[in-house]
Amino acid sequence: MSRIAIEDVKILDSSDLGRGNYRLILGPFSRSRSIMAGQFVHLQVPGGSVFFRRAFSVYDVNPEEKTLEILFKVFGRGTALLAKCRRGDTVNLMGPLGHGFDPPGKKESVILAAGGIGMPPLYFLAKQMIQKKHESDKIHFFYGGNCRADLIEVARIKKLGVKLHLSTDDGSFGFKGFVTSAIKEYLENNKGNYRLYACGPTGMLKAIDHLAQERTIPGQLSLEAPMPCGIGVCLGCVLPLTSGGYTRVCREGPVYDIGEVLL
Amino acid sequence: MMPDLTVEIAGVKFNNPILTASGTCGYGEELAELFDLSQLGGIVTKSITVRPREGHPPPRTAETASGMLNAIGLANVGVDKFIEEKLKFLEKFDTRVIVNVAGAKVQEYVEISARLADCPRADMIELNFSCPNVEAGMAIAGDPIAAEKAVREVKRVFPRPVIAKLSPNVTDIVTIARACEGGGADALSLINTLVGMAVDIETFRPSLTNNTGGLSGPAVKPVALAMVYKVYKAVKVPLIGLGGISNYKDVVEFLLCGATAVQIGTALFIEPDAPIKIVKDLRNYLTKNKLGSARELVGQLRSY
């Protein structure tokens, strides 16, 4: 049996979370159990008016129900169409694709840095860590948005029992400033060894990459690029490697070590 | 009785007429994770050049209406690594391997073809004279004298059949087709991508770093069909049709217009297992229409 499946799945639930953010529950999907945090699925948006599939990080899975969840923010035509999908609609789903995060050692203190709609794979990582008995108070979940309404699914993250550090650029909630600044401040007051995982807008990831290299904090970033094929054959989603040459984000990524990709 | 899907091109027998197109299936490794490559009639590899190429900086692709633009820039592992690693991988499958060859000048096509001459698993080679994103390729693609010469010189060093892949970005594709046939091409494949462009009106930037790219997908199918139709009437060598094929109906259209086999390209990006579905659907179509073989469709268009 192939690791990757291409299947029609039903939209079992669609929720409008405000500010253009949506959550979809999809299933049944035969591979939901095997999905690792950081991996993505490639969705064919119904209606035929966008040509490529669209890639989404997996937010959560329910192996018993064979379902998976994604979160997305309406950004272009594909996401706008997907936001209009209703419960019962069918979408074609390919996955799981790409390489997920390398999980930390059980005793390690971990910083998860989530920027805006980059949050889903980090929630999933935290959940999988806790399922593997990682102490939840060693997981520091930094989550930043432009404003309070950008911080979605906060109650659900809290439920994991992780140390949650919220921030907003406009100061409407939590720490005022970028998520990177919140992490910097935390590290000033809490010396120690950490492993860092991040996902968010490119500007934020650039800052995180810089911060981690400066302080020699090991870790990984989940990157994104427009992906025509998602399986490594089109060579469209490449990014430059620090060591030279290009890497296929869909295939060698989307998760990379700190400093590996030229951001 | 099960209809016969086998086809023959220049003495090479294919299990079925469905091939995957160059640049859309890598060297087969990724697709092999999704299905058994032996179910394909053949696989046409990513273009191989003398030395490895990294390709153009991103963005390399853009979505368009019913299609896409690409300017990958012939990113590939180079002929040495291709023979050592990639061809070895493909040897495991019961499918035909067609190696797509690209160069900056005729001598490079000859050099690569000579290397592949010693690799019996390279069943055929396909000469990419038509990559719109690399200038040298276009120079040969649009010039009948240069195209004829390139085919002739490659034929001198490669002992198995040679396919010339034709560009639609020419004044008269028939002239080029005849020239390639004259140079000794055993078959022609057509069409490569059409030169196209997309622009971001916020940044005033082209959507691709190469500024222009190659248009492919369903948007180009009518152009491809018309060119297959015209070329079929003008040459004797078998044709392999491609351009926007995404289902069995498209395949039947190309066969009727004169293609002996087809290549599936951009459709793989949306449905990587499309060729498998197409083989099955084509078989059903033949059965339903009481046709004994796919070959019976070739060139059977009842044109006005």
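Residues numbered from 1 in each chain as written. Chains lettered and ligands numbered in written order. Predicted model: local features only at pLDDT ≥ 70, side-chain atom pairs only at ≥ 80, totals over all residues.

A.B. asks: Tell me about the overall build of chain B, and please be specific about residues and values.
C.D. replies: Secondary structure summary: chain B contains 9 helices and 16 strands in total. Expected size for 304 residues packed as a compact globule is a radius of gyration near 19 Å; at 18 Å, chain B falls within 12% of this value. Overall size of chain B, expressed as C-alpha extent along the three principal axes, is 55 × 50 × 40 Å. Put simply, chain B has 304 residues, and 55% of those count as buried. (Helix = DSSP H or I, 4+ residues; strand = E, 2+ residues; numbered from the N terminus. Rg over C-alpha atoms; globule rule 2.2 N^0.38 Å. Buried ≥ 20, exposed ≤ 12 C-beta atoms within 10 Å, placed from the backbone.)

A.B. asks: Can you tell me about the sheet that holds strand β4 (residues 54–57) of chain A, naming the residues and giving the values?
C.D. replies: Residue and element names in this part refer to chain A. Spatial ordering of the open sheet is given by β4-β3-β7-β1-β2-β6-β5, a layout of 7 strands whose pairing is antiparallel. Of all strands in the sheet, those bounded by a partner on one side alone are β4 and β5 (60–62). Taken over all neighbouring pairs, the strand axes of this sheet differ in orientation by 35 degrees on average, direction set aside. By the bridge criterion, 4 bridges tie strand β3 (residues 40–44) to strand β7 (residues 90–97) in an arrangement that is antiparallel. When the bridges of β7 are listed, F40 appears paired with L97. (Pairing = 2+ DSSP bridges. Axes fitted to C-alpha atoms, helices over the stretch in contact; angles between N-to-C directions.)

A.B. asks: How would you explain helix α1 (residues 78–90) of chain B if you had to name every residue and give the values?
C.D. replies: The largest bend in α1(B) is about 35 degrees, located at E84(B). Of the surrounding secondary structure, the elements contacted by the buried residues of α1(B) are β4 (42–44), β7 (96–101) and α2 (106–117) of chain B. (Bend = angle between axes of the 7 residues up to and from the residue. Contact = placed C-beta atoms within 7 Å.)

A.B. asks: Please give an account of helix α4 (residues 144–157) of chain B that cites residues and values.
C.D. replies: Residues and elements named next belong to chain B. With 14 residues, α4 should reach 20 Å at 1.5 Å per residue; the first-to-last C-alpha distance of 21 Å fits that figure. Looking only at α4, the buried set comprises A147, E148, A150, V151 and V154. Burial along α4 is one-sided: seen end-on, the buried residues are contained in an arc of 165 degrees. Structural note: α4 exposes I145 and R156 on the side pointing more than 90 degrees away from its buried face. (Expected span 1.5 Å × (residues − 1). Arc of directions from axis to C-beta.)

A.B. asks: Mind laying out the domain arrangement of chain A, listing which residues take part and the relevant values?
C.D. replies: A common way to state how big an interface is: give the accessible area lost once the parts meet. Residue and element names in this part refer to chain A. Parsing chain A into structural domains produces domain 1 (5–97) and domain 2 (109–257). Just the C-alpha atoms count here: the centres of domain 1 and domain 2 sit 21 Å apart. Taken together, the contact between domain 1 and domain 2 spans 21 residues of the former and 19 residues of the latter. Contributing elements (two or more residues each) for the side of domain 1 that touches domain 2: β1 (5–18), β3, β4, β6 (67–73) and β7. With 4 residues, the top contributor of residues to the side of domain 1 that touches domain 2 is β6. Residues of the side of domain 1 that touches domain 2, tallied by class, amount to 12 nonpolar, 5 polar and 4 charged. (Domains from an automatic or database assignment. Nonpolar A, V, L, I, M, F, W, Y, C, P; charged D, E, K, R; others polar.)

A.B. asks: An account of the packing of helix α4 (residues 179–189) of chain A against helix α5 (residues 202–214) of chain A is requested, with residue identities and associated values reported.
C.D. replies: Residues and elements named next belong to chain A. Following both chains from N to C, one finds α4 and α5 inclined at 25 degrees, their axes separated by 9 Å at the closest point. The angle between α4 and α5 falls in the class roughly parallel. In contact with V179, T180, I183 and K184 of α4, α5 contributes M204, A207, I208 and L211. (Parallel < 35°, antiparallel > 145°, perpendicular 65-115°, else oblique.)

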